Amino acid sequence: MTAKFLLHSGMEFNSNLFQEKEKVWKSYGETSWHRNWKKVFPASFRELSFTDQLLGDLHRADVHTPCGTTLEFQNSPISLEELRSREAFYPKLVWVLNGKKFKGFRILKSLPDVDDPRLNGFDFCHSDHLSMIRTSEFLYGHGAAKVMNFYHPELKNIPLTSYYYSFCWKQPHRVWYEAKAPIVVDLGGHFLYQLKQRPQVSGDYAYLHMISRKSFIDQYLVSV
């Protein structure tokens, strides 16, 4: 008898379909980065197959945790159509990206707390240098808004954090900026970097939130 467990509207686990497709998936091959990430989690979490009851499509989750979170480990770019398809299907999805393959990607400087109320009324500049402009000048100024660094009297007393960072990405995979699900970038080492965006009048400002690799993994293993 086929084991089927309804997970949410339109999504069910199908063990028979997984067994039928397993050989096909293995034939595609995977990078060591991909395999090593999956090995962090118990075998019962890995390579689970789900059927879209509405469309009849088969989806395979790299890792699906007991708390209902799906982890997708992405070693290469994907299309916007594929990104939206997966995000529409999995209710709690987290993307983990192999940042070591990003071209022109560098972490730059520590940032202040982007939600510090003292920064209300300011926008971060979209440049490699840590600087800000007044939102009002951007909206109502008759010329270019004045660029201020953190030596400016209005900003110099705002401390920098040890967990928020600016970055540059000279050849970005722009599809990732369209993601609604959380994005975590793996650059190797003991830390991961969640890609976040601060809403701004002058355009959303992308930045990185550094998190411990161990704590990221452990949050999904608490029930094991």
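Residues numbered from 1 in each chain as written. Predicted model: local features only at pLDDT ≥ 70, side-chain atom pairs only at ≥ 80, totals over all residues. Heavy atoms only, no water.

(A) Molecular detail of the overall build of the protein. From N to C terminus, the protein includes five helices and 13 strands. Taking all 224 residues of the protein together, the buried fraction comes to 45%. A separation of at least 24 residues holds for 56% of the contacts in the protein among residues at least 6 apart in sequence. Roughly 12600 Å² of accessible area belongs to the protein as shown, and the carbon and sulfur atoms make up 53% of that amount. (Helix = DSSP H or I, 4+ residues; strand = E, 2+ residues; numbered from the N terminus. Buried < 20%, exposed > 50% of the residue type's maximum accessible area, 1.4 Å probe, protein only. Contact = heavy atoms within 4.5 Å. Areas by Shrake-Rupley, 256 points an atom, 1.4 Å probe, with all protein chains shown as cover.)

(B) Representation of the pairing of strand S3 (residues 46–52) in the model. With six of seven residues buried, S3 is to be regarded as a mostly interior element. With five bridges connecting them, S3 and strand S4 (residues 58–64) associate as antiparallel partners. Residue pairing across strands places Arg 46 opposite Val 63, the latter belonging to S4. (Pairing = 2+ DSSP bridges.)

(C) Fine view of the pattern of salt bridges. Applying the stated rule across the entire model yields 11 salt bridges. Where Asp 218 meets Lys 214, a salt bridge forms, and the shortest distance between an N and an O atom there is 2.6 Å. Of this pair, Asp 218 and Lys 214 both sit in helix H5 (residues 213–218), four residues apart, roughly one helical turn. A relative accessible area of 29% places Asp 218 in the partly exposed class. Judged by relative accessible area, Lys 214 falls into the exposed class, the value being 58%. (Salt bridge = Lys/Arg side-chain N within 4 Å of Asp/Glu carboxyl O.)

(D) Summary view of the environment of Gly 68. In this structure, Gly 68 sits in the loop between S4 and strand S5 (70–74). Distance from Gly 68 to Tyr 220, taken between C-alpha atoms, is 9.6 Å for residues 152 residues apart in sequence.

(E) Seen up close, the side chain of Arg 86. Among the secondary structure elements, Arg 86 is positioned in helix H3 (residues 80–89). Sequence-distant contacts of Arg 86, that is, excluding residues within four places in its chain, are made with Glu 72, Gln 74, Ile 78, Leu 93 and Trp 95.

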